[in-house]
Amino acid sequence: MDRRDRRSAAPPSARPGRRALVAPDLTALAGPTSGVAVLPHRLFWQADRHIDLDNAHLLQWMYETVLREASTVEELRAWLDGPTLVRLWPQLFLPRGVRRAWEERHPALRASVAVR
């Protein structure tokens, strides 16, 4: 098995040593989409964790952060919204392992990239 085969056989990772976490169902993601969200310290390690979700750049940034840092499906459900995730997906800057894991589980995300 050459190096490329081993890499594709490995489970997708969020970062070295940490597997990517994927929600089993996009319709179960019902997080906030507007207003001000206050991420838990575990997800965002700053003193001021308030995020203005009405600012499109901050909304995108929060989705990137949650997709990289969440350690439970409950965190994904609490902070992500399914339709918003599909809409933002093509613009999100994510580790390859996270993107691959989500697109393998949810073809709608891969399709949203192909449409653009």
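This text follows the structure it describes.
Residues numbered from 1 in each chain as written. Predicted model: local features only at pLDDT ≥ 70, side-chain atom pairs only at ≥ 80, totals over all residues. Heavy atoms only, no water.

Thoughts on the overall build of the protein
- Tallying secondary structure elements over the protein gives 6 helices and 4 strands in all.
- Seen in sequence order, the protein has helices and strands lined up from the N terminus as α-β-β-β-β-α-α-α-α-α.
- A total of 116 residues make up the protein; the buried ones form 41% of that total.
- Partitioning the intrachain contacts of the protein with sequence separation of at least 6 by distance along the chain shows that 60% fall at a separation of at least 24. (Helix = DSSP H or I, 4+ residues; strand = E, 2+ residues; numbered from the N terminus. Buried < 20%, exposed > 50% of the residue type's maximum accessible area, 1.4 Å probe, protein only. Contact = heavy atoms within 4.5 Å.)

Side note on the nonpolar core
- Of all hydrophobic cores here, the largest spans 29 residues; its most connected members are Met-62, Val-66, Leu-67, Leu-85 and Trp-102.
- For this core, the secondary structure elements donating two or more residues are helix 2 (56-69), helix 3 (73-79), helix 4 (82-88) and helix 5 (96-105).
- Broken down by element, the residue count for this core peaks at 5 residues, all from helix 2.
- Residues in contact with Leu-67, not counting those within four places in the same chain, are Leu-80, Leu-85, Trp-89, Leu-92, Leu-94, Val-98 and Trp-102. (Core = buried A, V, L, I, M, F, W, Y, C linked by side-chain atoms within 4.5 Å.)

A short note on the pattern of salt bridges
- The tally for this structure, following the rule as stated, stands at 4 salt bridges.
- Close ionic contact of Glu-104 with Arg-100 constitutes a salt bridge, the shortest N to O distance being 3.3 Å. Of this pair, Glu-104 and Arg-100 are both found in helix 5, 4 residues apart, which corresponds to roughly one turn of the helix.
- We classify Glu-104 as exposed; its relative accessible area is 51%.
- When its relative accessible area of 29% is taken as the criterion, Arg-100 is described as partly exposed. (Salt bridge = Lys/Arg side-chain N within 4 Å of Asp/Glu carboxyl O.)

Quick notes on the packing of aromatic side chains
- Tallied over the full model, the rule gives 2 aromatic pairs.
- With centroids separated by 4.8 Å and ring planes inclined at 75°, the aromatic side chains of Phe-44 and Trp-61 adopt a geometry described as edge-to-face. With Phe-44 in the loop between strand 3 (36-38) and strand 4 (50-52) and Trp-61 in helix 2, this pair connects stretches of sequence that are 17 residues apart.
- Considering the side-chain rings of Trp-89 and Trp-102, the 6.5 Å spacing of their centres and the 40° angle between planes classify their relative orientation as tilted. Linking Trp-89 in the loop between helix 4 and helix 5 with Trp-102 in helix 5, this pair joins segments that are 13 residues apart in sequence. Each member of the pair, Trp-89 as well as Trp-102, is classed as buried.
- The ring of Trp-89 has Arg-99 lying over it, and the distance from NZ or CZ to the ring centre is 4.8 Å. (Phe/Tyr/Trp six-rings, centres within 6.5 Å; stacked < 30°, edge-to-face > 60°. Lys NZ or Arg CZ within 6 Å of the ring centre and 35° of its normal.)

Quick look at helix 2
- Counted at 1.5 Å a residue, the expected span for helix 2 with its 14 residues is 20 Å, and the 20 Å between its end C-alpha atoms agrees.
- Within helix 2, the full set of buried residues consists of Leu-59, Gln-60, Met-62, Tyr-63, Glu-64, Thr-65, Val-66, Leu-67 and Glu-69.
- Taking the backbone nitrogen of His-57 as reference, a side-chain oxygen 2.9 Å away marks Asn-55 as the first, capping residue of helix 2. (Expected span 1.5 Å × (residues − 1). Polar contact = N/O pair within 3.5 Å; in protein donor to acceptor, adjacent residues only side chain to side chain.)

A short note on the environment of Ser-34
- For Ser-34, the location among the structural elements is in the loop between strand 2 (18-19) and strand 3.
- Sequence separation between Ser-34 and Ala-56 is 22 residues, and the spatial gap between their C-alpha atoms is 9.6 Å.
- Look past the residues within four positions of Ser-34 in its chain and what remains in contact with it is Leu-53 and Asp-54.

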